[in-house]
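# Architecture and fold: a report
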Amino acid sequence: GGKHMIKKIVSKLRDFKHRLKDRRMFSFTMAVAVFLIAVVCVLYRQNTVYMQLLENSNRRAFTELTQSVRNIDVALSKAILTTDNQILNQIANQITANANFAKSSLAQLPISDTNIDNTQKFLSQIGEYTIYLAGKSQKGLEITENDSNTMMSLLTYSDSLANTLSNLQDEY
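Per chain, residue numbering runs from 1 following the sequence as it is written. Per-residue local features of the predicted model are confined to residues with pLDDT of at least 70, and side-chain atom pairs are confined, for both listing and counting, to 80 or more; whole-chain, interface and lining totals are unaffected and use all residues. Water and hydrogen atoms were dropped before computing side-chain values, which therefore reflect all heavy atoms in the structure.

### Details of the packing of aromatic side chains
The line we're drawing: Any two of the Phe, Tyr and Trp rings considered here, Trp counted by its six-membered ring, make a pair once their centres fall within 6.5 Å; the pair's planes then place it as stacked at under 30 degrees, edge-to-face at over 60, or tilted in between. Under the DSSP-based scheme used, a helix requires at least four consecutive residues in state H or I and a strand at least two consecutive residues in state E, with every element numbered from the N terminus. When a residue's accessible area, from a 1.4 Å probe over protein chains only, is under 20% of the maximum for its type it is buried; when over 50% it is exposed; and in between it is partly exposed.
In total, this model carries two aromatic pairs according to the counting rule given. Centroid distance Phe122 to Tyr157: 4.7 Å. Interplanar angle 50°. Geometry classified as tilted. Remark: Tyr157 occurs in helix α5 (residues 145-171) and Phe122 occurs in helix α4 (residues 114-138); sequence separation between them is 35 residues. Both rings, one in Tyr129 and one in Tyr132, keep their centres 5.6 Å apart while their planes meet at 40°; by these two values the pair is tilted. With Tyr129 and Tyr132 both in helix α4 and three residues apart, this pair spans about one turn of that helix. The class of Tyr129 is buried, set by a relative accessible area of 17%. Assessed through its relative accessible area of 41%, Tyr132 is described here as partly exposed.

### A few points about the side chain of Thr130
Using the following cut-off: Polar contacts here mean pairs of N or O atoms no more than 3.5 Å apart (in protein, one a potential hydrogen donor and the other a potential acceptor; neighbouring residues in sequence count only if both atoms are side-chain atoms). Whether two residues touch is decided by their heavy atoms; if any such pair falls within 4.5 Å, the residues are in contact.
Looking at where Thr130 falls in the secondary structure, it is placed in helix α4. Given a relative accessible area of 3%, Thr130 falls into the buried group. Within polar-contact distance, the side chain of Thr130 engages the backbone oxygen of Ile126 at 3.0 Å. Once residues within four sequence positions are removed from consideration, Thr130 is found in contact with Leu76, Ala92, Ile95, Thr96 and Met151.

Nothing here speaks to function; it is all geometry.
Right under this line is the structure:
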């Protein structure tokens, strides 16, 4: 079985070597080799370009996520300080827009774990909550101490998230 197979392969290789002595066969073999090397080089270059594009896309998404969270953090600070209904409504819209943009950027990143899920949840809740508060304020309802405490908790989480993302961005 196995010895016969090896003898057959050796025989084929000797036959191929003998045929290489023929100029046409040698030229043909060299042309195929050059063609295959060229194809490998082109594919390698395309892969390198693709990987660079992917890395740039990930870096852009991460930068946009970080900036959106910073914007949310600043807007939350303003929302906590304002007593004007109209300004609170504008801030709530800014926070919602930044939260949606941040969620979109986060979804583009090739990562998945519990922290990402928590960040997605935070981004969803922050927009909804500020719109809720703005609506409450528009109706003339008072912002309660509980509402203020919730906003402070959201601000604390937002600060922490913004700092973590900034540190990761510096490393990246």
